[in-house]
Amino acid sequence: MNINCCQTHIEHALDMFVAKQNTFPILTEISDEEKLSTKCDYCDVVAIYLVANE
Ligand SMILES: [Zn+2]
């Protein structure tokens, strides 16, 4: 499970991840290059964080 999220939605993303996966995710900052093409899963803002299993 991967969630891209912006600063505003990071807490929401973490809640969703824990609720669905029953485990804590690894939180990584998206690189500047990827930021340009990655949008938040919950809004239209550029994503800053990737919430993922690995
Ligand atoms: Zn967002």
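This text goes with the structure placed above it.
This is a predicted model, so every value here is computed, not measured.

### Description of unusual backbone geometry
You will see that N22, though not glycine, has its phi angle at about 55°, which is positive. Owing to a relative accessible area of 67%, N22 belongs among the exposed residues under this scheme.

### Let's talk about the nonpolar core
Membership of the largest hydrophobic core is limited to nine residues, which are I3, C5, C6, I10, A13, F17, C40, Y49 and V51. Counting residues per element, the ones that place at least two in this core are strand 1 (2–5), helix 1 (10–21) and strand 3 (49–52). Top element by residues in this core is helix 1. It accounts for three residues. With residues near it in sequence (within four places) discarded, V51 still touches M1, N2, I3, C5, I10, A13, L14, F17, P25, I26 and L27.

### Observations concerning the coordination of the zinc ion
Coordination of the zinc ion by the protein is provided by C6 (SG), H9 (ND1), C40 (SG) and C43 (SG), with metal-donor distances spanning 2.0 to 2.3 Å. Angles of 103 to 114° at the metal separate the four donor atoms of the zinc ion, which places the site in the tetrahedral class. Mapping the donors of the zinc ion onto the primary sequence yields the spacing C-x2-H-x30-C-x2-C. A residue pair is termed long-range when its members are at least 10 positions apart, and H9 in the loop between strand 1 and helix 1 and C40 in the loop between helix 2 (32–35) and strand 3 qualify at 31 residues. Take C40: its relative accessible area is 6%, and that puts it in the buried class.

### Some remarks on the pattern of salt bridges
With the rule as written, the count across this model stands at one salt bridge. As a salt-bridge pair, K35 and D32 come within 3.3 Å of each other at their nearest N and O atoms. Linking K35 with D32, this pair stays in helix 2, spanning three residues, or about one helical turn. Given a relative accessible area of 60%, D32 falls into the exposed group.

About the cut-offs
- Counting of residues starts from 1 at the beginning of each chain's written sequence and follows it residue by residue.
- A pLDDT threshold of at least 70 governs which residues receive local features in this predicted model, and a stricter bar of 80 or more applies before side-chain atom pairs are shown or counted, although totals over entire chains, interfaces and linings include all residues.
- Side-chain calculation: all heavy atoms of the structure are included, whereas hydrogens and water are not.
- Type-normalised accessible area, obtained with a 1.4 Å probe on protein chains alone, sets the label of each residue: buried when under 20%, exposed when over 50%, and partly exposed for intermediate values.
- In plain words, nonpolar cores are sets of buried Ala, Val, Leu, Ile, Met, Phe, Trp, Tyr and Cys residues tied together by side-chain atoms within 4.5 Å.
- Numbering goes from the N terminus for both helices and strands, where a helix is a DSSP run of H or I of at least four residues and a strand is a run of E of at least two.
- The criterion used for residue contact is that any of the two residues' heavy atoms lie within 4.5 Å.
- With water omitted from the atoms examined, metal sites may look incomplete; donors here are N, O and S atoms no farther than 2.8 Å from the metal, or 3.2 Å in the case of Na, K and Ca.
- The geometry test gives tetrahedral to four donors whose angles all lie between 85 and 135 degrees, gives square planar to four donors and octahedral to six donors whose opposite members are over 155 degrees apart with all other angles between 65 and 115, and gives irregular to the rest.
- When a carboxyl oxygen of Asp or Glu lies within 4 Å of a side-chain nitrogen of Lys or Arg, that pair is called a salt bridge.

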